[in-house]
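# Descriptive analysis of the structure
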Amino acid sequence: MTRDPRYDILFEPMKIGPVTAKNRFYQVPHCTGSGWLRPRTLAGLREVKAEGGWGVVCTEYCSVHPSSDDLPYVSASLWDKGDIKAHGLMTEKVHAHGALAGVELCIGGARMPNLATREVALGVVSQPNTERNPFQTRAMDKEDIRETRRWHRNAALRAKEAGFDIVYVYATHDYLLSQFLSKTINTRTDEYGGSVENRVRLIREIIEDTKEAVGDTMAVAVRFSAETNGGGAGDGNLMPGETREMFEILGELPDLWDINISDYSYEMGLSRYVQEGSLEPYISYIKSITSKPVVSVGRFTSPDTMASQIKRGIVDFIGAARPSIADPFLPRKIEEGRPEDIRECIGCNICYTGDGKGVPVRCTQNPTMSEEWRRGWHPEKIDVRGSEAKILVVGAGPAGLECARALGQRGYRTMLAEATRELGGRVLREAKLPGLAEWGRVRDYRIQQIEKMSNVEVFRESKLTAEDVLEIGADHIVLATGSSWRADGYGNANRTGIASLGPQAQIFTPDDIMSGRLPTGPTIIFDDEHYYMGTVIAELVRAKGLPVTLVTPSDVVSEWGGYTYDRWRAKTQLLKLGVTLITAHNLMSCDGNKASISCEYSGQVQEIECQSIVLVTARIPKDALYQAILGKIDTGIENAPKSIKRIGDCEAPAIIASAVYSGHKYARELDANIDRDNPLKHDRVYFEE
Ligand code: ADP
Ligand code: SF4
């Protein structure tokens, strides 16, 4: 197939200073949780993007010197010769597929506490660490400024040696250079503070240093915020003001502008709050100021939106982090005239949890992310079947759907049986909750792929018993029957459940809510799961007009949501809706009129009005079918299946990404020789000087 001519514009080569990108698909810098710690994992991950057609593939933020150390958040680094070798792995692979490699040099300032290196952080002034570590920066004197410029210049030279084509000056997201820009933070009285001209001075000098050092062969890009720089931002804040003046000074200096806004929670907004292309109102003025090419992001997955952004002169390059994680082959699929095969990002930000937790990035939609090198998984290719075996997958939630899809792709004869009429399991149900509609893409992509496979048969409205399963006579049986939410309060804070929820109290679980059984009267949402379900249900129940109190044993609302950037937005949303939030309290009892909750620290008990309680605590794996089949096999039957396995929530309830991964892993490993002692290659830092 050939591509639709409407998208030709996306495939035009584009000059960036001394280099040329083969097309307009630009993977902007994004964290991977691997950085300098796992160089081979990283090179494998970046390679598939280049192979998938991205014209430019960048690193994550890359520290120029040990005084910019962000551990436990894993960045890249270009401190020494070992780093040059490590990056060389990536640039070589990226070049092999005809893409340009970019590196985002970064100077930490007050954002980086240097916990590992114990260097004193340098700041525009002496200020507290913005990540709330109890370390202040040293206010930079002239010598520090000279040294910082030298470190950045040397890192650019090392970047050149490592084979990069594009080098960044990173002047946003609250790192050092953006703090120099800020009127509020930069209270210096020397030539680096005060007027706009003075506050952009260091950035201007660093752009000029970089150009002078490597600009003959490398493009110099600047990452900059289109609205307020140096802290404080947000949607609804369309005030370019001084930022516009800064652009007018710097506009023609770099070879490319990488434009975003300084509020991460909007820039990489969850689909729960932020739609595709939402940065446009903030960035649309940039091209009227500079003649240099502009790239920006917007969780773009629709080629029509992409082409429209370019045709309307908003950007020159389609920037992507998450869409390139969910589908590294997005450009190739558009080029090959099959955009319907794109595995669209769902905007859940599970990928971002890798950064906060310091582990390799994972993706809900793309189970192969970070597994390219260590498990040899490719996002598009998979080994052909290892036998003529016939497989039965029971349950068509994310685990079962992905398992059947990947087995089908391998060429196995696969049967997928689902109890209900509609496929999708938990994503079908959860996508109907407020703000979670895009999660349905997990199901849509897989159903759409399965429908093309003649070797995968789908049986809807087929609730199977152990007898049914065995009668089918499949060689391998996979149970993907999911989990159900607990109604007994069992969870982290109550390891034996909550016994004293009296008979008058109306108890609900998220399953009830998703089935349309709703609370009445004043309602407590008891969130002992700490992710999105508690706040989403609070929002839903409040929207029905009921008084709602969210009670959680954690010190914060949606604690784990902090890793996906959900926590703060969810809290703001609930407060705006008038939901009462009570943290650090456990639920003790309820008599149908009042509930008792106790402080996790003092034990002090308080009573609140409450008729209904929604328990969001833990789930029970639905593995009764698995146990029943095992029971039958144990009694000795003819033609017993060769294997029977649980996957997804039925094995161990977890996030949707884990269910998809589990289904994929099963399909990859069937009939494969897996070394159970060493199932994956162990990446480590070791590069001789
Ligand atoms: P996961 O997240 O692990 O994919 P889900 O809960 O999303 O799990 O999906 C499980 C699916 O399994 C649901 O769609 C459910 O209807 C289906 N299911 C459960 N038990 C049976 C059964 N006995 N026969 C067929 N389908 C079943
Ligand atoms: Fe998109 Fe979620 Fe994958 Fe991140 S984890 S790329 S947000 S689908």
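Residues numbered from 1 in each chain as written. Chains lettered and ligands numbered in written order. Predicted model: local features only at pLDDT ≥ 70, side-chain atom pairs only at ≥ 80, totals over all residues. Heavy atoms only, no water.

## Section: the overall build of the protein
Per the secondary structure count, the protein includes 22 helices and 28 strands. Its C-alpha atoms give the protein a radius of gyration of 27 Å, near enough to 26 Å, the size a compact globule of 689 residues would have. Structurally, the protein occupies a C-alpha span of about 80 × 65 × 50 Å along its principal axes. Considering the protein as a whole, with its 689 residues, one finds that 61% of them fall into the buried category. (Helix = DSSP H or I, 4+ residues; strand = E, 2+ residues; numbered from the N terminus. Rg over C-alpha atoms; globule rule 2.2 N^0.38 Å. Buried < 20%, exposed > 50% of the residue type's maximum accessible area, 1.4 Å probe, protein only.)

## Thoughts on the sheet that holds strand 24 (residues 594-599)
Spatial ordering of the open sheet is given by 23-24-25, a layout of 3 strands whose pairing is antiparallel. The open sheet is flanked by strand 23 (585-590) and strand 25 (605-609), the only strands paired with a single partner. The sheet shows a mean angle of 30° between the axes of neighbouring strands, direction not considered. Here strand 24 runs beside strand 25; their pairing, made up of 5 bridges, is antiparallel. Note that in strand 25 the partner of Ser598 across the bridge is Val605. (Pairing = 2+ DSSP bridges. Axes fitted to C-alpha atoms, helices over the stretch in contact; angles between N-to-C directions.)

## Observations regarding the pattern of salt bridges
This model, assessed by the stated rule, comprises 58 salt bridges. The shortest N-O distance in the salt bridge between Arg244 and Glu248 comes to 3.6 Å. One end of the pair, Arg244, and the other, Glu248, are both in helix 7 (residues 241-250), 4 residues apart, so they sit about a helical turn from each other. One salt-bridge network, in which partners are shared between bridges, spans Arg332, Glu336, Arg338, Asp341 and Lys452. (Salt bridge = Lys/Arg side-chain N within 4 Å of Asp/Glu carboxyl O.)

## Focus on the packing of aromatic side chains
Taken as a whole and assessed by the stated rule, the structure comprises 19 aromatic pairs. Judged by centre distance (5.2 Å) and plane angle (55°), the rings of Phe11 and Phe25 are tilted. Of this pair, Phe11 sits in the segment before strand 1 (14-16) while Phe25 sits in strand 3 (residues 25-27), and the two are 14 residues apart along the sequence. For the pair formed by Phe11 and Phe25, the shared burial category is buried. When the ring of Tyr565 is compared with that of Trp568, the centres are 5.4 Å apart and the planes differ by 55°; the resulting orientation is tilted. Of the aromatic side chains, those joined through ring pairs into one cluster are Trp439, Tyr531, Tyr532, Trp560 and Tyr563. The side chain of Arg375 reaches across the aromatic face of Trp377, ending 5.7 Å from its centre. (Phe/Tyr/Trp six-rings, centres within 6.5 Å; stacked < 30°, edge-to-face > 60°. Lys NZ or Arg CZ within 6 Å of the ring centre and 35° of its normal.)

## What to know about helix 10 (residues 303-311)
Along helix 10, the residues that are buried comprise Pro303, Met306, Ala307, Gln309 and Ile310. All buried residues of helix 10 fall inside an arc of 155° around its axis, so they share one side. For helix 10, the secondary structure elements touched by its buried residues are strand 3, helix 9 (280-283), strand 13 (317-320) and helix 12 (330-335). At the exit of helix 10 stands Gly313, carrying a positive phi of roughly 75°. (Arc of directions from axis to C-beta. Contact = heavy atoms within 4.5 Å.)

## As for the nonpolar core
Core analysis: the largest hydrophobic core is formed by 101 residues, its most contacted members being Ile16, Tyr26, Ile166 and Phe224. With 33 residues, the next largest nonpolar core counts Val427, Ile513, Ile537 and Leu546 among its residues. (Core = buried A, V, L, I, M, F, W, Y, C linked by side-chain atoms within 4.5 Å.)

## What about the packing of helix 14 (residues 398-410) against helix 22 (residues 656-669)?
Between helix 14 and helix 22, the shortest axis-to-axis distance is 7 Å and the interhelical angle comes to 30°. In terms of their interaxial angle, helix 14 and helix 22 are classed as roughly parallel. As helix 14 runs across helix 22, the sense of the crossing is right-handed. Judged by residue contacts, Pro398, Ala399, Glu402, Cys403, Arg405, Ala406, Leu407 and Arg410 of helix 14 engage Ile656, Ala659, Val660, Gly663, His664, Tyr666, Ala667, Arg668 and Glu669 from helix 22. Of the residues contributing to the contact of helix 14 with helix 22, the split by class is 10 nonpolar, 2 polar and 5 charged. (Parallel < 35°, antiparallel > 145°, perpendicular 65-115°, else oblique. Left-handed = near helix turned anticlockwise from the far one by under 90°. Nonpolar A, V, L, I, M, F, W, Y, C, P; charged D, E, K, R; others polar.)

## Description of helix 2 (residues 81-96)
Its 16 residues place the ends of helix 2 22 Å apart at the C-alpha level, agreeing with the 22 Å of an ideal helix rising 1.5 Å per residue. Most pronounced at Gly88, the bend in helix 2 amounts to some 25°. Taken residue by residue, helix 2 has Gly82, Asp83, Ile84, Ala86, His87, Gly88, Met90, Thr91 and Val94 as its buried positions. Among the structural elements, helix 1 (39-51), strand 4 (56-63), strand 5 (76-77), strand 6 (100-106) and helix 3 (142-162) are those in contact with the buried residues of helix 2. Sitting at the amino-terminal end of helix 2 is Asp80, which places a side-chain oxygen 3.2 Å from the backbone nitrogen of Gly82. Downstream of helix 2 by a residue or two, Gly98 has a phi angle that is positive, lying close to 80°. (Expected span 1.5 Å × (residues − 1). Bend = angle between axes of the 7 residues up to and from the residue. Polar contact = N/O pair within 3.5 Å; in protein donor to acceptor, adjacent residues only side chain to side chain.)

## Side note on the site of ligand 2
Inspection of the region around ligand 2 gives 13 residues, with Cys345, Cys348, Asn349, Cys351 and Cys363 positioned closest. Elements with a minimum of two residues in the shell around ligand 2: helix 11 (322-326) and helix 13 (350-357). When its residues are assigned to classes, the shell around ligand 2 shows 8 nonpolar, 4 polar and 1 charged. (Near = heavy atom within 4 Å.)

## Some points on the site of ligand 1
Taken together, 22 residues form the shell around ligand 1, and within it Ala399, Glu418, Ala419, Arg426 and Asp649 come nearest. Note that an oxygen atom of ligand 1 is positioned 2.6 Å from one of the side-chain N or O atoms of Asp649. Relative to its free-state accessible area of 580 Å², ligand 1 is covered by the protein chains to the extent of 93%. Every element with two or more residues in the shell around ligand 1 is listed here: helix 14 and helix 15 (425-430). Considering only residue class, the shell around ligand 1 consists of 10 nonpolar, 8 polar and 4 charged. (Areas by Shrake-Rupley, 256 points an atom, 1.4 Å probe, with all protein chains shown as cover.)

## Description of the sheet that holds strand 20 (residues 523-527)
Taken together, 5 strands build an open sheet; the order of strands is 19-26-20-21-22 and the sheet is parallel. Among the strands making up the open sheet, the edge pair consists of strand 19 (506-508) and strand 22 (580-582). Neighbouring strand axes in the sheet, compared pairwise and without regard to direction, differ in orientation by 20° on average. Pairing of strand 21 (residues 548-551) with strand 22 involves 3 bridges; the strand directions are parallel. By the bridge assignment, Val551 is partnered in strand 22 with Ile582.

## Side note on the environment of Asp341
Here Asp341 shows up in the loop between helix 12 and helix 13. Taking the C-alpha atoms as reference, Asp341 lies 9.5 Å from Phe329; in sequence the two are 12 residues apart. The residues touching Asp341, leaving out its near neighbours within four places in the chain, are Asp327, Lys333, Tyr445, Gln448, Gln449 and Lys452. Of note is the side chain of Asp341, whose polar atom sits 2.5 Å from the side chain of Lys452.

## Here's the deal with the pairing of strand 9 (residues 166-170)
By the criterion of burial, strand 9 is predominantly enclosed, with 5 of the 5 residues buried. Residues Ile166, Tyr168 and Tyr170 line one face of strand 9 and the alternating positions Val167 and Val169 line the opposite face, and both faces are buried. The sheet contact formed by strand 6 and strand 9 spans 4 bridges and is parallel. Bridge pairing in strand 9 links Leu105 to Val169.

## Observations regarding the domain arrangement of the protein
In terms of domains, the protein is made up of domain 1 (5-357), domain 2 (390-482 + 622-669) and domain 3 (486-619). A straight line from the C-alpha centre of domain 1 to that of domain 3 covers 39 Å. Contact with domain 1, which involves 16 residues of that partner, is made by 13 residues of domain 3. Carbon and sulfur atoms supply 56% of the area that domain 1 and domain 3 bury against each other, a total of about 1,300 Å² over both sides. Counting the contacts that link domain 1 with domain 3 gives 3 salt bridges. The closest approach of N and O atoms between Asp566 and Arg272, which form a salt bridge, is 3.0 Å. For the interface between domain 1 and domain 3, the tally reads 8 residue pairs in polar contact (both at pLDDT 80 or more). Elements with a contribution of two residues or more to the side of domain 1 that touches domain 3: helix 8 (264-267) and helix 13. If one sorts the elements of the side of domain 1 that touches domain 3 by residue count, helix 13 sits on top with 5 residues. Partitioned by chemical class, the residues of the side of domain 1 that touches domain 3 number 8 nonpolar, 4 polar and 4 charged. (Domains from an automatic or database assignment. Buried area = accessible area lost by both parts, 1.4 Å probe.)

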